[in-house]
Number of protein chains: 2
Amino acid sequence: MYYVVWHQNPDTDAIASAIVYAQYLRDQWEEAQAIMLGHPNRETSFVLEYAAMDHPELVTNLEEWSHIILVDHNELGQSIEDRHQHEIVAVVDHHKIADIQTSGPLMMRIEPVGCTCTVLYEMFLTDGYHPSPEIAKLMVSAILSDTLHFRSPTTTQRDRDAVESLAAWADINDVEAYALQMFDAKSDLAGIAPADIVTMDYKIFEMGSKKVGVGVMETTNPSFARAMEDELRQAMQQIKHDDEIDYIIFSVVDILHEVNTTIVLSDAEADIIQKAFGQTTVGGKADLGSRVSRKKQIIPALHDVLA
Amino acid sequence: MYYVVWHQNPDTDAIASAIVYAQYLRDQWEEAQAIMLGHPNRETSFVLEYAAMDHPELVTNLEEWSHIILVDHNELGQSIEDRHQHEIVAVVDHHKIADIQTSGPLMMRIEPVGCTCTVLYEMFLTDGYHPSPEIAKLMVSAILSDTLHFRSPTTTQRDRDAVESLAAWADINDVEAYALQMFDAKSDLAGIAPADIVTMDYKIFEMGSKKVGVGVMETTNPSFARAMEDELRQAMQQIKHDDEIDYIIFSVVDILHEVNTTIVLSDAEADIIQKAFGQTTVGGKADLGSRVSRKKQIIPALHDVLA
């Protein structure tokens, strides 16, 4: 049995990639199961409902030395907790390489594209594998989500090509309208606790000897975050303490206007923000301009300062 | 400019992969150059002559922040010395993952097959790229070399399929006879210093807090090593000291009979050999039976003991 594992605090690409890859393996007569770490956000729930998919099973304990496949991540700190007790047999991802280590050879497919589902799409093309319309719906959704419908600088022509083919298979006629529906679902955060908002799309990165937590809220409604800034800030303080990390920042990304306003917790964070981006923190917030991609525009700059 | 870099103490697959991938990139209108770390062994020189290829340029110093592509390796200890001063833009390999780290996304293609050139062959198939007969000769040679003409347990059906297609493109009619010629060229070690024999196909692995040097001599003439065992042992002692490693072993692999006789330097090495393989060292040598693959049969067992 292969367990296809996404990262903690999953986004739509993480969850879609796991479901899609597990289905692909089953269609090759392999036993495979997507397993859940953390819960889908509202965008992902909207997408799963749209594709008429059940939520994958929530698995907290795998038997030791299970065969695991990592999708949409490779860093230890973002992965299943007892990862070193399992065998990583494959990785499909589109992130930088951090601290992955295996005892034997594996399959690893990483491409500098906007979305893990684009990597999967290209693998499927090579194999002549044609996914079902439901699976194609998940893949289109993942690519639109990760690239902010091609607004993110991580977007490549390969992502556009994948959406064009997959949208036809998925029978999605108006991709623009569908993307907006997805983003509105994601932006509806009413009733969610501030701590859950901060960690909804949150990753911890090891940089040199430091640990940095970076949360992102992609939204069509940034005023929602503005109104609850104090609560978010308190939640960040608590998370920084609980996760025993050195820095925490939280970026509010206005999807439609492509603007990043980052909440900066303390002077320590203001200092690295200044060094990495040349931006001064004013009133606890830094204007990071059009840097909407954590992966391409935030993490490399922080890495250069800290690693 | 992309610099395609093979590992230190290169074998035929390492050198062939670099030349092949650089040629592929040039055929896509990219500027690319294979660069040399260490010198080709006699098998590789035979192969380069057969394919009418010049030796790649020996480059010792790259400009800082060059764009480098790693082939046939990913571990820091086996790579170009100042690797952290460059940007790794791609990796094509078939080994386990150790300690690679990048500051941004990259292309990484690792497959659990017998040879890096098999991974390249499959990439070329996907792209519809048809290499020249000279390049196809290099690729056939690399796959025959790394899989010991399909004798190694690392061999997969994908390696066999690649050789079948590539041999036709390369116009090699009798693959069996060609492989024997290659292996005989590799086995001709007359006039080579013992230290160079030990390090000809030699890699240092980090396992937990320990460093292990593992040399392999694949030969059709194992009696040559038997006759110079004392000199090899002295050379191993010196290398262990110079490289500041914790353990060193040297495996003499009889290609045609598929037998591994490993020279064990001291009690420290005998102890880990006993734990990893259950084999007792007798007269300074351990019979590792049919374990002919360092990657698949030696390293994982040592890793499980030390890491």
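Residues numbered from 1 in each chain as written. Chains lettered and ligands numbered in written order. Predicted model: local features only at pLDDT ≥ 70, side-chain atom pairs only at ≥ 80, totals over all residues. Heavy atoms only, no water.

Chemist: What should I look at first to understand the overall build of chain A in this one?
Modeler: For chain A, the count of helices and strands is eleven helices and eleven strands. Computed over the C-alpha atoms, the radius of gyration of chain A is 19 Å, within 12% of the 19 Å expected from 2.2 N^0.38 for a compact globule of 307 residues. When the backbone C-alpha atoms are referred to their principal axes, chain A occupies close to 55 × 45 × 35 Å. For chain A, the proportion of its 307 residues judged to be buried stands at 60%. Counting contacts in chain A only where the partners sit at least 6 residues apart, residues at least 24 apart contribute 64% of the total. Counting only carbon and sulfur atoms, one obtains 46% of the accessible surface of chain A, whose full area is about 12300 Å². If the 22 positive side-chain charges of chain A are averaged to one point and the 49 negative ones to another, these points end up 7 Å apart. (Helix = DSSP H or I, 4+ residues; strand = E, 2+ residues; numbered from the N terminus. Rg over C-alpha atoms; globule rule 2.2 N^0.38 Å. Buried < 20%, exposed > 50% of the residue type's maximum accessible area, 1.4 Å probe, protein only. Contact = heavy atoms within 4.5 Å. Areas by Shrake-Rupley, 256 points an atom, 1.4 Å probe, with all protein chains shown as cover. Lys, Arg positive; Asp, Glu negative; His and termini not counted. Charge placed at Lys NZ, Arg CZ, Asp CG, Glu CD.)

Chemist: Explain the side chain of T147 of chain B to me, please; I cannot follow it from the model alone.
Modeler: Residue and element names in this part refer to chain B. Looking at where T147 falls in the secondary structure, it is placed in the loop between helix 4 (133-146) and helix 5 (157-170). The class for T147 is buried, based on a relative accessible area of 0%. Apart from residues no more than four positions distant in its own chain, T147 is found in contact with G114, S152, T155 and D159.

Chemist: Would you mind going over the sheet that holds strand 8 (residues 210-219) of chain A with me for this structure?
Modeler: Adjacent strands of a sheet form backbone hydrogen bonds with each other and so pair up, either parallel or antiparallel. Residues and elements named next belong to chain A. Strand order in the open sheet made by the five strands is 7-8-9-10-11, with mixed pairing throughout. The two strands at the open ends of the sheet, each matched to only one other strand, are strand 7 (202-207) and strand 11 (285-287). Averaged over neighbouring strand pairs, the angle between their axes works out to 25 degrees when direction is ignored. Relative to strand 8, strand 7 runs antiparallel, the two being bridged by six bridges. Within strand 8, the position partnered with Y202 by the bridge is G215. Sheet strands touched by helix 9 (residues 229-242): strand 7, strand 9 (247-254), strand 10 (259-264) and strand 11. Its angle to strand 9, the strand with the most contacts, is close to 145 degrees. (Pairing = 2+ DSSP bridges. Axes fitted to C-alpha atoms, helices over the stretch in contact; angles between N-to-C directions.)

Chemist: Help me understand the pattern of salt bridges in this model?
Modeler: It is possible for side chains of opposite charge to pair when their charged atoms get near one another. Applying the stated criterion to the full structure yields 24 salt bridges over all chains. With its nearest N and O atoms 2.8 Å apart, the salt bridge here joins K186 of chain A to E218 of chain A. Residue K186 of chain A is located in helix 6 (residues 175-187), and its partner E218 of chain A is located in strand 8; the two are separated by 32 residues in the primary sequence. Among the residues examined, E218 of chain A registers a relative accessible area of 15% and is labelled buried. Among the salt bridges present, the one from E229 of chain B reaches K285 of chain B, with a minimum N-O distance of 3.0 Å. Taken together, the residues E229 of chain B in helix 9 (residues 229-242) and K285 of chain B in strand 11 (residues 285-287) connect sequence positions 56 residues apart. On the basis of relative accessibility, which here comes to 13%, the residue E229 of chain B falls in the buried class. Through salt bridges with shared partners, a single network forms among R109 of chain A together with E111, E122 and R158 of chain B. (Salt bridge = Lys/Arg side-chain N within 4 Å of Asp/Glu carboxyl O.)

Chemist: Would you mind showing me how to read the packing of aromatic side chains here?
Modeler: We describe a pair of aromatic rings using the distance from one ring centre to the other and the angle between the two ring planes. Summed over all chains, the structure comprises 14 aromatic pairs over all chains. On the numbers, 5.0 Å between centres and 80 degrees between planes, the contact of Y24 of chain B with Y129 of chain B is edge-to-face. Here Y24 of chain B, found in helix 1 (residues 12-27), pairs with Y129 of chain B, found in the loop between helix 3 (116-127) and helix 4; they are 105 residues apart in sequence, far enough to count as distant. Considered together, Y24 of chain B and Y129 of chain B belong to a single accessibility category, that of buried residues. Members of the aromatic cluster, joined through ring pairs, are Y21, Y24, F124 and Y129 of chain A. For K137 of chain A, the ring lying beneath its charged end belongs to Y50 of chain A, and the centroid distance is 5.0 Å. (Phe/Tyr/Trp six-rings, centres within 6.5 Å; stacked < 30°, edge-to-face > 60°. Lys NZ or Arg CZ within 6 Å of the ring centre and 35° of its normal.)

Chemist: Help me understand the packing of helix 2 (residues 42-50) of chain A against helix 4 (residues 133-146) of chain A, please; the structure alone is not making it clear to me.
Modeler: Packed helix pairs are characterised by how far apart their axes lie and by the angle those axes make with each other. Residue and element names in this part refer to chain A. Look at helix 2 against helix 4: their axes get within 9 Å of each other, and the N-to-C directions meet at 155 degrees. Classed by the angle they form, the pair helix 2 and helix 4 counts as roughly antiparallel. With respect to the hand of their crossing, helix 2 and helix 4 are arranged in right-handed fashion. Contact with helix 2, carried on its side by E43, V47, L48 and Y50, involves K137, L138, S141 and S145 of helix 4 and no other residues of that element. Taken together, the residues that form the contact of helix 2 with helix 4 break down as four nonpolar, two polar and two charged. (Parallel < 35°, antiparallel > 145°, perpendicular 65-115°, else oblique. Left-handed = near helix turned anticlockwise from the far one by under 90°. Nonpolar A, V, L, I, M, F, W, Y, C, P; charged D, E, K, R; others polar.)

Chemist: Looking at this structure, I do not really get the environment of M139 of chain B. What am I missing?
Modeler: All names here are of chain B. Note that M139 resides in helix 4. For the pair M139 and H94, spaced 45 residues apart in the sequence, the C-alpha separation amounts to 15 Å. The residues contacting M139, other than those within four sequence positions of it, are V20, C117, L120, Y121, F124, P131 and L166.

Chemist: I keep staring at the pairing of strand 7 (residues 202-207) of chain B and nothing clicks. Help me out?
Modeler: Of all six residues that make up strand 7 of chain B, five are buried, and the element is covered over most of its length. Counting the residues between successive antiparallel strands, the hairpin from strand 7 of chain B to strand 8 (residues 210-219) of chain B contains two residues, one of them, G208 of chain B, with a positive phi of roughly 60 degrees.

Chemist: For this particular structure, what's the right way to read helix 11 (residues 294-306) of chain A?
Modeler: Given 3.6 residues per helical turn, the α-helix brings residues three or four places apart onto the same face. Inspection of helix 11 of chain A places R294, K295, I298, I299, P300, A301, L302, H303 and L306 of chain A among the buried residues, and these make up the whole buried set. Residues of helix 11 of chain A that are buried in the fold lie against strand 7, strand 8, strand 9, strand 10 and helix 10 (267-277) of chain A.

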